[in-house]
Amino acid sequence: MIITRFPPSPTWNFHIWWARTSFYNWLFAKQTGWKFILRIEDTDTERSTKVYEKNIIDSLEWLWMDYDAWPGKDDWTWPFHQMARLDIYAKYIDLLLKQWTAYYAWETAEELEDMRKSSYDQKKAFVYRQIDYTDEQIKQFKEEWRKPTVRFKVENKIVKWQDLVKWEINMDSSIIWDFVIMKSDGVPTYYIANVVDDDLMWITHIIRGEEHVNNTPKQILLYEAFGWKIPEFGHLPLMLNLDKSKMSKRDTKDQYVTVTKFKEEWFLKEAVLNFITLLGWHPSDDREFFTVDELIKNFSLDRITNSNAIYDFKRALWFNWEYIKNLSDEEFTARLLEYLKTYGDQEWQSIIEITEKEYWLKLSAYIKIRLQTLGQFRDYAKYFFKRQYPSEEILYNGKMWVNKELVKTILQDIIKVLDGFKYDWTEENIKNEIVKYISEKGLKNWQVLRPLRAILTGVQASPGAFEMLYVLGKKESLERLKIFAEWLN
């Protein structure tokens, strides 16, 4: 039996490193046919919000990561929230207090800071251990309305485990403080709530980020104190920026670090999953592209590298570009229309209403090979539907000998060529006739094709002149060229 979990704290939008961690857990569970559990760890009451929780759940669902109910507990509301389970944690904290492996601690934050400073002045490492207060002192604390915390009594020993990703890890618990398991407001800390939930939910494998390595010995000590079976731990390599700095939760100028940003730019979810899987895991061969089913089949924890993963947003763009290019025209059109209906402005909504599907299919082959994200289409491709004309900077180029007089002449000639077109309106036939004209006039290709494309689209970067003429069709192409010719005169 294998049961994994993803227990996010709803204090920020769903981050790309959360996406990797949750997907590794999901893959590991799904390839064995067992369970993947979502648990909301909302004991950080100051920063946890329902907005972030919704973002987490929406992001998981967008990435196709379905989560399962607690085995055998179909009547439970879910996903699980720790703040709804305080009575459960209190029972286990009381158990530790009764067996003297936990105790009440009465120090204020200021007193703890003074203790730290005193140790620092004596050039000693400060490790908190239980203070034997007298009954009179405890009575005074209560009269001062102090509210104690509960701390776990750490036994001095070597804590070790065979990590699923790294190696055997040994830690000396003598350097670990007697850590807090219940705060003074009665809310349990991460350490014990996490352990209690993992045991009650039968979690067998805990796969999480390397930043949790120092939490693991504390949690192993808790498992031992309760006499519970210790799950297997695997700690994933860190995810770093290109400059090797640790990733921030916040978006940077050139990268997206939340799944919401990927979603809003309409990255293909299969491309995102493929990309994040390779941020720390490598297959047994040189393949880079996998379907989700292939990832389930091929994924294994022993192929997760120990090296930190470098997050390169340009590589994410490249993955998405490759996936877009390989969509069928029908699938590309369906996704593009879905995207524009969701994120397009009112003008796009009007365009969708009046444009036949056949036209979308016609242009798809020419545009999908140029898009890294579907969001790029929204930002610049209205020229397929709306006449817009270029600035002088886009139209003319002195170094290429393209000036106003040349453009006037070319427009008059090309309009005559297209007006008298005797062949089927195909890209190949259009190309043959225009290349023939260029050759007869002794011109260079760019002297004709560059201004022609600019007039048809109004932008610097677009599909080529032959492609645009074909997609727009004879009537629309001639109207655009004639209107601009009249304007030049």
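Above this text is the structure in question.
For the structure given in this document, a descriptive report is provided here. What you see is a predicted model; the values in this text were computed from it and never measured.

For the rest of this paragraph, the subject is the overall build of the protein chain. Counting its regular elements, the protein chain contains 21 helices and 12 strands. Relative to the globule expectation of 23 Å for 489 residues, the C-alpha radius of gyration of the protein chain, 32 Å, shows a markedly less compact shape. Projected onto the principal axes, the alpha-carbon positions of the protein chain cover approximately 105 × 50 × 40 Å. Looking at the 489 residues of the protein chain, the share that counts as buried comes to 52%. Taking the contacts inside the protein chain whose residues are at least 6 apart along the sequence as the reference set, 76% of them involve residues at least 24 apart. Of the roughly 24600 Å² of accessible surface on the protein chain, 50% is carried by carbon and sulfur atoms. Side chains of the protein chain carry 69 positive and 75 negative charges; the gap between the two charge centres is 4 Å.

Turning next to the pattern of salt bridges. Within this structure, the stated rule accounts for 31 salt bridges. Arginine 39 is the salt-bridge partner of glutamate 41, the closest N and O atoms lying 2.9 Å from each other. Judged by relative accessible area, glutamate 41 falls into the buried class, the value being 7%. Given the relative accessible area of 0%, arginine 39 is considered buried. One salt bridge in this structure joins lysine 382 and glutamate 347, with 2.9 Å as the shortest N-O distance. With lysine 382 in the loop between helix 15 (375–380) and helix 16 (392–395) and glutamate 347 in helix 13 (residues 346–354), this residue pair connects regions lying 35 residues apart in the sequence.

Turning next to a nonpolar patch on the surface. Together, Met1, Trp34 and Trp202 make up an exposed nonpolar region whose accessible area comes to about 340 Å². Within the secondary structure, tryptophan 34 sits in the loop between helix 1 (16–30) and strand 2 (35–40). By relative accessible area, tryptophan 34 is classed as partly exposed at 37%.

It is worth spelling out the side chain of threonine 149 at this point. Here threonine 149 is to be found in strand 5 (residues 149–152). Residue contacts for threonine 149: discarding those within four places in its chain leaves Tyr103, Tyr104, Ala105, Val180, Met182, Lys183 and Ser184.

Turning to unusual backbone geometry, a few remarks are in order. The phi angle at tryptophan 100 is positive, at roughly 65°, despite the residue not being glycine. Within the secondary structure, tryptophan 100 is located in the loop between helix 3 (86–98) and strand 4 (102–105).

With that settled, consider the sheet that holds strand 1 (residues 3–6). In spatial order, the strands read 1-2-3; together these three strands make up an open sheet with parallel pairing. Single-partner strands in this sheet number two, and they are strand 1 and strand 3 (80–81). When strand 1 meets strand 2, the two strands line up parallel, connected through four bridges. Directly across from arginine 5, in strand 2, lies its bridge partner isoleucine 37. Docked against the sheet, helix 2 (residues 50–62) engages strand 1, strand 2 and strand 3, running at close to 165° with respect to strand 2.

Running from N to C, helix 12 (residues 329–343) and helix 14 (residues 357–367) cross one another at 100°; their axes reach a closest spacing of 9 Å. One finds that helix 12 runs roughly perpendicular with respect to helix 14. Seen from helix 12, the contacting residues are Asp329, Glu330, Phe332, Thr333, Leu336, Leu337 and Leu340; seen from helix 14, they are Trp360, Leu361, Ser364, Ala365 and Ile367.

This paragraph deals with the sheet that holds strand 8 (residues 180–182). Overall, antiparallel pairing links the three strands, which are arranged 4-5-8 in an open sheet. The open sheet has two edge strands with one neighbour each: strand 4 and strand 8. The mean inter-strand angle of the sheet, taken between neighbouring strand axes irrespective of direction, is 45°. In the sheet, strand 5 pairs with strand 8 via two bridges, with the strands oriented antiparallel. Each bridged residue has a counterpart across the sheet, and for valine 150 the counterpart in strand 8 is methionine 182. Strands in contact with helix 3 are strand 4, strand 5 and strand 8; relative to strand 4, the strand with the most contacts, it is inclined by about 95°.

Within this structure, the stated rule accounts for 46 aromatic pairs. Centre to centre, the rings of tyrosine 380 and tyrosine 383 are 6.0 Å apart; their planes meet at 35°, and the pair counts as tilted. Judged by its relative accessible area of 0%, tyrosine 383 is buried. Among the aromatic residues, those joined into a ring-pair cluster are Trp348, Tyr359, Trp360, Phe377, Tyr380, Tyr383, Phe384 and Phe385.

What follows deals with the environment of leucine 361. Positionally, leucine 361 belongs in helix 14. The class of leucine 361 is partly exposed, set by a relative accessible area of 24%. The spatial distance from the C-alpha of leucine 361 to the C-alpha of glutamate 330 is 6.6 Å, given a sequence separation of 31 residues. If we ignore the near neighbours within four places in the chain, the residues touching leucine 361 are Asp329, Glu330 and Thr333.

With that out of the way, let us pick up the environment of aspartate 199. Structurally, aspartate 199 is set in helix 6 (residues 190–200). Setting aside its immediate chain neighbours within four residues, aspartate 199 contacts Tyr223 and Trp228.

So, about helix 7 (residues 216–226). Most of helix 7 is tucked away: nine of the 11 residues are buried. Within helix 7, burial applies to Thr216, Pro217, Lys218, Gln219, Ile220, Leu221, Leu222, Tyr223 and Phe226. Immediately beyond the C-terminal end of helix 7, within one or two residues, lies glycine 227, with a positive phi of roughly 75°.

Before going further, it helps to spend a moment on the nonpolar core. By size, the foremost hydrophobic cluster in this structure holds 112 residues, and its most contacted members are Tyr311, Trp360, Phe377, Phe384 and Ile434. For this core, the leading source of residues is helix 1, giving 10 residues. The next biggest cluster of nonpolar side chains, apart from the first, holds 36 residues, and it includes Tyr89, Val150, Ala193 and Ile220.

Right, let's get into helix 17 (residues 404–419). Look at helix 17: 22 Å from first C-alpha to last across 16 residues, which is about the 22 Å you get at 1.5 Å a residue. Against the buried residues of helix 17 lie helix 16, helix 18 (427–441), helix 19 (445–457), helix 20 (465–472) and helix 21 (474–488). A distance of 3.3 Å separates the backbone nitrogen of glutamate 405 from a side-chain oxygen at the start of helix 17, and that oxygen is part of asparagine 403.

The rules we used
Residues numbered from 1 in each chain as written. Predicted model: local features only at pLDDT ≥ 70, side-chain atom pairs only at ≥ 80, totals over all residues. Heavy atoms only, no water. Helix = DSSP H or I, 4+ residues; strand = E, 2+ residues; numbered from the N terminus. Rg over C-alpha atoms; globule rule 2.2 N^0.38 Å. Buried < 20%, exposed > 50% of the residue type's maximum accessible area, 1.4 Å probe, protein only. Contact = heavy atoms within 4.5 Å. Areas by Shrake-Rupley, 256 points an atom, 1.4 Å probe, with all protein chains shown as cover. Lys, Arg positive; Asp, Glu negative; His and termini not counted. Charge placed at Lys NZ, Arg CZ, Asp CG, Glu CD. Salt bridge = Lys/Arg side-chain N within 4 Å of Asp/Glu carboxyl O. Patch = residues over 30% accessible without salt bridge, like charges linked within 9 Å, V, L, I, M, F, W, Y side chains within 5 Å. Pairing = 2+ DSSP bridges. Axes fitted to C-alpha atoms, helices over the stretch in contact; angles between N-to-C directions. Parallel < 35°, antiparallel > 145°, perpendicular 65-115°, else oblique. Phe/Tyr/Trp six-rings, centres within 6.5 Å; stacked < 30°, edge-to-face > 60°. Core = buried A, V, L, I, M, F, W, Y, C linked by side-chain atoms within 4.5 Å. Expected span 1.5 Å × (residues − 1). Polar contact = N/O pair within 3.5 Å; in protein donor to acceptor, adjacent residues only side chain to side chain.

Taken by themselves, the reported measurements are silent on function.
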